[in-house]
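Listed here are the chains, written in short residue letters.
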Amino acid sequence: MASKAGPSCRLVFCLLISAAVLRPGLGWYTVNSAYGDTIIMPCRLDVPHNLMFGKWKYEKPDGSPVFIAFRSSTKKSVQYDDVPEYKDRLSLSENYTLSISNARISDEKRFVCMLVTEDNVFEAPTTVKVFKQPSKPEIVSKAPFLETEQLKQLGDCISKDSYPDGNITWYRNGKVLQPLEGVVVIIFKKQMDPVTQLYTMTSSLEYKATKADIQMPFTCSVTYFGPSGQKTVHSEQAIFDIYYPTEQVTIQVLPSKNAIKEGDNITLKCLGNGNPPPEEFVFYLPGQPEGIRSSNTYTLTDVRRNATGDYKCSLIDKRSMIASTAITVHYLDLSLNPSGEVTKQIGDALPVSCTISASRNATVVWMKDNIRLRSSPSFSSLHYQDAGNYVCETALQEVEGLKKRESLTLIVEGKPQIKMTKKTDPSGLSKTIICHVEGFPKPAIQWTITGSGSVINQAKESPYINGRYYSKIIISPEENVTLTCTAENQLERTVNSLNVSANENREKVNDQAKLIVGIVVGLLLAALVAGVVYWLYMKKSKTASKHVNKDLGNLEENKKLEENNHKTEA
């Protein structure tokens, strides 16, 4: 059972302690331990057979001993001295191995194992080294941005709770940063906590950035010694926004300057390649010597063709740094002469022109009644078929939505014109009379027979096409007649007549009819005579048949009488 040793020692021990000797062959021995772990120190002495007790001590900086543990070889009891810093932390085994739990920095001492016999004291010293791994380094107090050509505080790399103290290294894109006057300045400092005796290392970096540092990672590391040797721990990457001045100005046009047309809105956008980009610019418009101060955009609304020209922008504080662009406001004008609804007379001449004025070569298309024409219309003498709806359409292919069109509705009027024709049927029994009419608006046709004035309603009409159509009737006159065709529209009433003679073949037809009737009657009489002859013939044939039958009957009766006579005789 462990107990505390008293303030005094036995006489033998006190006498022998001054005569303690170091066992030959035992040199300095070091035990490395991690902070917070258990320190295990073997005694490294062979236990003598006449051992009285074993004892552990440590040496103060001035060399004076401090006894901390005692174990008797006979009683097997353990006693721990009243040393506050080792209270409840010591453990002494039967082979005199001393263990110290929860290693601290203050445990870095020279400990000595002592084995005491009646006539000697043997010692084996052990040096304890305690190591504490520092915290992972962290870049703090980071600059919100770095500026080119300016030496600026980038940040501090800090690592805490290290023992012994470590060393901090800075890296740019994985390569070590070496101090360079005016470009890389590194200031290192360390501080020890008086209570824990642990070190905090801080390294401050001042850095002059360039545009090459854009998106470049910066890191730092701490190198320290541990129980198993030297180790290094790296921080997380830090990427800094690099500020640099504008070196070039550009100007943009929205929408694309190749497709700007009259009536559009134009937005000019000025850009500087610095970081951060400039927020204000001066815009110069065509014909305006004084610039307009604005944000990075300037908008013109409902532009006209006179807005074509060079547009410029520059920095406010560096007007010599300027950008320019040429803008063309596309336009398209169309003039159709004549246009709208135009009424002309048949045979008139009508010059038609479609004049185009455009910022570029434009395509022109003519349409009539939604059908594309091969060429532009030209009328030296109008016809009814020339009437219709004409459209002249033009467009700029390169500019979407830029097209114009105008229309001409042409009406061709004419007084009714009549031409009458007749055609006799090959049989000679009928005649076809046709009244050809031309005119617009469509004339109405009326037939009459001269003398009686009656209207013939059996006429048939053709379709009205291109101002023309006809009406025809079929007649078989028994006497000479005059047919009158009347055509009338809003312009005029026109009348034309045609004499139609009676059919010349009518008498011949009557003679032929009489001949046919005579033939038919003759055929009927012949058929009647033949029928009478045939009847007489049939009647005579029947009388002869009766006489023959009678003679045959008499023969049969005579034959039967003869047969009966023969039977009687027998």
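Reading guide: rules and limits
- Residues numbered from 1 in each chain as written.
- Predicted model: local features only at pLDDT ≥ 70, side-chain atom pairs only at ≥ 80, totals over all residues.
- Heavy atoms only, no water.
- Disulfide = S-S within 2.5 Å.
- Helix = DSSP H or I, 4+ residues; strand = E, 2+ residues; numbered from the N terminus.
- Buried < 20%, exposed > 50% of the residue type's maximum accessible area, 1.4 Å probe, protein only.
- Pairing = 2+ DSSP bridges.
- Axes fitted to C-alpha atoms, helices over the stretch in contact; angles between N-to-C directions.
- Polar contact = N/O pair within 3.5 Å; in protein donor to acceptor, adjacent residues only side chain to side chain.
- Contact = heavy atoms within 4.5 Å.
- Core = buried A, V, L, I, M, F, W, Y, C linked by side-chain atoms within 4.5 Å.
- Salt bridge = Lys/Arg side-chain N within 4 Å of Asp/Glu carboxyl O.
- Phe/Tyr/Trp six-rings, centres within 6.5 Å; stacked < 30°, edge-to-face > 60°.

- The protein appears in an unreviewed UniProt entry as CD166 antigen from Panthera pardus.

### Re the state of the cysteines
One covalent bond between the sulfur atoms of two cysteine residues makes up a disulfide.
Turning to step 1, where the next piece is worked out: In total, this model carries five disulfides according to the counting rule given.
Turning to step 2, where the next piece is worked out: In this model, Cys270 is linked to Cys313 through a disulfide, with the two sulfur atoms separated by 1.9 Å. With the S-S dihedral at roughly 70 degrees, the linkage between Cys270 and Cys313 falls on the right-handed side. Separated by 43 residues along the polypeptide, Cys270 in strand β23 (residues 266-272) and Cys313 in strand β27 (residues 309-315) bring together distant segments of the chain. For the pair formed by Cys270 and Cys313, the shared burial category is buried.
Turning to step 3, where the next piece is worked out: A sulfur-sulfur distance of 1.9 Å marks the disulfide that ties Cys435 to Cys485. On the sign convention where negative is left-handed, the bridge of Cys435 and Cys485, at about -80 degrees about the S-S bond, is left-handed. With Cys435 in strand β36 (residues 431-440) and Cys485 in strand β40 (residues 481-488), the pair connects residues that are 50 residues apart, well separated along the chain. Judged on exposure class, the residue Cys435 and its partner Cys485 are both buried.

### Examining unusual backbone geometry
Turning to step 1, where the next piece is worked out: Of note, the amide linkage connecting Tyr163 to Pro164 takes the cis form, showing an omega dihedral of -10 degrees.
Turning to step 2, where the next piece is worked out: Looking at the secondary structure, you find Pro164 in the loop between β13 (151-162) and β14 (167-172).
Turning to step 3, where the next piece is worked out: Residue Asn275 is joined to Pro276 through a cis peptide bond whose omega torsion reads -5 degrees.
Turning to step 4, where the next piece is worked out: The topology assignment puts Pro276 in the loop between β23 and β24 (281-284).
Turning to step 5, where the next piece is worked out: A positive phi is found at Asn173, a non-glycine position, where the angle reads about 55 degrees.
Turning to step 6, where the next piece is worked out: Mapped onto the fold, Asn173 is located in the loop between β14 and β15 (175-176).

### Topic: the sheet that holds strand β7 (residues 90-92)
Turning to step 1, where the next piece is worked out: Taken in spatial order, the three strands line up as β3-β8-β7 in an open sheet, and their pairing is antiparallel. Only two strands of the sheet have a single partner each, and these edge strands are β3 (39-41) and β7. Each neighbouring strand pair of the sheet contributes to a mean axis angle of 15 degrees, computed without reference to strand direction.
Turning to step 2, where the next piece is worked out: Of the strand pairs in this sheet, β7 and strand β8 (residues 98-100) are connected by three bridges, and their pairing is antiparallel. Within the sheet, the bridge partner assigned to Leu90 lies in β8 and is Ile100.

### Quick look at the sheet that holds strand β41 (residues 493-500)
Turning to step 1, where the next piece is worked out: Taken together, three strands build an open sheet; the order of strands is β37-β40-β41 and the sheet is antiparallel. Two strands lie at the open edges of the sheet, namely β37 (444-449) and β41, each paired on one side alone. On average, each strand axis in the sheet is tilted by 20 degrees relative to the strand beside it, whichever way the strands run.
Turning to step 2, where the next piece is worked out: Sheet topology places β40 next to β41; eight bridges connect them, and they run antiparallel. When the bridges of β41 are listed, Thr482 appears paired with Asn499.

### Notes on the side chain of Thr494
Turning to step 1, where the next piece is worked out: Among the structural elements, Thr494 can be located in strand β41.
Turning to step 2, where the next piece is worked out: Here Pro416 takes part through its backbone oxygen, which lies 3.0 Å from a polar atom of the side chain of Thr494.
Turning to step 3, where the next piece is worked out: Ignoring any residue separated from it by four or fewer positions in sequence, one finds Thr494 in contact with Pro416, Ile418, Cys485, Thr486 and Ala487.

### Focus on the nonpolar core
Turning to step 1, where the next piece is worked out: Counting residues in each nonpolar core, the largest one holds 53 residues, and the members touching the most others are Met41, Trp56, Ile68, Leu98, Phe111 and Tyr207.
Turning to step 2, where the next piece is worked out: Formed by 20 residues, the second largest nonpolar core is a distinct cluster that contains Ile266, Phe283, Leu285 and Val303.

### Focus: the pattern of salt bridges
Turning to step 1, where the next piece is worked out: According to the stated counting rule, one finds 19 salt bridges in the structure shown.
Turning to step 2, where the next piece is worked out: Glu108 is the salt-bridge partner of Lys129, the closest N and O atoms lying 3.7 Å from each other. Taken together, the residues Lys129 in strand β10 (residues 121-131) and Glu108 in the loop between β8 and β9 (110-117) connect sequence positions 21 residues apart.
Turning to step 3, where the next piece is worked out: For Glu108, a relative accessible area of 24% translates into the label partly exposed.
Turning to step 4, where the next piece is worked out: A salt bridge links Glu488 to Arg493; the nearest nitrogen and oxygen atoms lie 3.7 Å apart.

### Structural notes on the side chain of His330
Turning to step 1, where the next piece is worked out: With respect to the secondary-structure elements, His330 resides in the loop between β28 (322-327) and β29 (332-337).
Turning to step 2, where the next piece is worked out: For His330, a relative accessible area of 2% corresponds to the buried category.
Turning to step 3, where the next piece is worked out: The contact partners of His330, leaving out residues within four places of it in the chain, are Asn258, Ile260, Lys261, Glu262, Ser359, Arg360, Leu396, Val399 and Leu402.

### Quick look at the pairing of strand β32 (residues 363-368)
Turning to step 1, where the next piece is worked out: Bridge analysis of β32 against strand β34 (residues 388-395) gives six bridges, and the strand direction is antiparallel. Bridging from a neighbouring strand, Val365 pairs with Glu393 of β34.
Turning to step 2, where the next piece is worked out: By the bridge criterion, two bridges tie β32 to strand β33 (residues 371-372) in an arrangement that is antiparallel. Bridging across to β33, Lys368 finds its partner in Ile371.
Turning to step 3, where the next piece is worked out: What sits between the antiparallel neighbours β32 and β33 is a turn of two residues, in which Asp369 has the positive phi angle 50 degrees.

### Quick notes on the packing of aromatic side chains
Turning to step 1, where the next piece is worked out: Taken as a whole, this structure holds 11 aromatic pairs when the rule is applied.
Turning to step 2, where the next piece is worked out: Each ring, one from Phe53 and one from Phe70, has its centre 4.9 Å from the other, and the planes form 45 degrees; the classification is tilted. Of this pair, Phe53 sits in strand β4 (residues 51-59) while Phe70 sits in strand β5 (residues 65-72); the two residues are 17 residues apart in sequence, bridging distant segments of the chain.
Turning to step 3, where the next piece is worked out: When the centroid spacing of 4.0 Å and the interplanar angle of 10 degrees are considered together, the rings of Phe145 and Tyr243 count as stacked.

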